[in-house]
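Letter by letter, the chains look like this.
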Amino acid sequence: MEVTLREMRDSDLPVLWAQLSDERAQHMAAVTRGYHYDRAAFDRHWGKVRSDPAVIVRTVLAGGEVAGHAAVFGPPGEREVTYWVDRVYWGRGVATATLAALLGLEHTRPLHAHAAADNSGSIRVLEKCGFTITGRGRVFARARGEEIDEVALTLS
Ligand SMILES: CC(C)(COP(=O)(O)OP(=O)(O)OC[C@H]1O[C@@H](n2cnc3c(N)ncnc32)[C@H](O)[C@@H]1OP(=O)(O)O)[C@@H](O)C(=O)NCCC(=O)NCCS
């Protein structure tokens, strides 16, 4: 499946909202924010990140359809990657191709990532793109209503 990244458009937002509202995806990602649950907060969040020159944010297209989003954010030394793929595309290499493309847009190293310790799909995606596990901790996971184990990964 051909995966490409392009600039986010206003018309992507309703699709991205549906993807971020998916409870199964939220449970997997675990550490969710207010904008995953509240459309007004979602609109504010994306308005802010899309106008922030320090954030790289892209819409993921798979076979020409909006399949998710990916971003790099954070100050120098703490630059972090994040991505989210619509459930209908899971298990078809979309996240791996997305992260590989994102790494071609952001040349800062080291780059960081965090994942719930049981999000084996996301950890696998990161490892396939060269990240290694460099830390472990506990974090409050809003989507699960409890503290969970989290892993920190780094691309040197
Ligand atoms: C995690 C997520 C990004 C994976 O996306 P994806 O497009 O299915 O990933 P890929 O198809 O590129 O899979 C990459 C690898 O992970 C494995 N994998 C994918 N989902 C998996 C799962 N649920 N459990 C175990 N392994 C999984 C694949 O088998 C593949 O490994 P392989 O090449 O050795 O076979 C996607 O499920 C998602 O967006 N989830 C919700 C949001 C989220 O968790 N974002 C990341 C927050 S850290």
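An account of the accompanying structure is given in this report. Predicted model, so just to flag it, every value in this text is computed and none were measured.

This next bit is on the overall build of the chain. In terms of regular secondary structure, the chain is built from 5 helices and 7 strands. The C-alpha radius of gyration of the chain comes to 15 Å, within 12% of the 15 Å expected for a compact globule of 156 residues. Based on the C-alpha atoms only, the size of the chain along its principal axes is roughly 40 × 35 × 30 Å. Contacts in the chain between residues at least 24 apart in sequence constitute 60% of all its contacts with a sequence separation of at least 6.

Lining the immediate surroundings of the ligand are 21 residues, of which Trp90, Ala95, Thr96, Gly121 and Arg124 lie closest. Counting residues per element, the ones that place at least two in the shell around the ligand are α2 (23–29), β4 (80–85), α4 (94–105) and α5 (120–128). Residue contributions to the shell around the ligand peak at 5 residues, all from α5. Tallied by class, the residues present in the shell around the ligand amount to 12 nonpolar, 7 polar and 2 charged.

In regular strands, side chains alternate between the two faces of the sheet. Here 7 bridges tie strand β2 (residues 56–62) to strand β3 (residues 65–73), and the two strands are oriented antiparallel to one another. Opposite valine 60, over in β3, you have glycine 68 as the bridge partner. Connecting the antiparallel pair β2 and β3 is a turn made up of 2 residues, with glycine 63 showing a positive phi of about 55°. Taken together, the 6 bridges between β3 and β4 define a ladder with antiparallel strand orientation. Bridge pairing in β4 places alanine 70 opposite tyrosine 83. Counting the residues between successive antiparallel strands, the hairpin from β3 to β4 contains 6 residues, one of them, glycine 74, with a positive phi of roughly 105°.

On to the nonpolar core. Within the largest apolar cluster, 32 residues are counted, with the highest numbers of intra-cluster contacts made by Val60, Val85, Val94 and Leu99. Those elements that provide at least two residues to this core are β1 (3–7), β2, β3, β4, α4, β5 (111–116), α5 and β7 (146–155).

In this fold, alanine 54 is placed in the loop between α3 (39–50) and β2. Along the sequence, alanine 54 and proline 75 sit 21 residues apart, while their C-alpha atoms lie 7.7 Å from each other.

Along the polypeptide, arginine 142 turns up in the loop between β6 (132–141) and β7. The spatial distance from the C-alpha of arginine 142 to the C-alpha of alanine 30 is 6.5 Å, given a sequence separation of 112 residues. Arginine 142 has contacts with Val31 and Thr32, leaving out every residue within four places of it along the chain.

Attention now moves to unusual backbone geometry. Here the bond from arginine 109 into proline 110 is cis, since omega is 0°, no more than 30 degrees from zero. Within the secondary structure layout, proline 110 lies in the loop between α4 and β5. Phi angles above zero are rare outside glycine, and alanine 30 is one such case at about 70°. With respect to the secondary-structure elements, alanine 30 resides in the loop between α2 and α3.

Reading guide: rules and limits
Residues numbered from 1 in each chain as written. Predicted model: local features only at pLDDT ≥ 70, side-chain atom pairs only at ≥ 80, totals over all residues. Helix = DSSP H or I, 4+ residues; strand = E, 2+ residues; numbered from the N terminus. Rg over C-alpha atoms; globule rule 2.2 N^0.38 Å. Contact = placed C-beta atoms within 7 Å. Near = placed C-beta within 6 Å. Nonpolar A, V, L, I, M, F, W, Y, C, P; charged D, E, K, R; others polar. Pairing = 2+ DSSP bridges. Core = buried A, V, L, I, M, F, W, Y, C linked by C-beta atoms within 7 Å. Buried ≥ 20, exposed ≤ 12 C-beta atoms within 10 Å, placed from the backbone.

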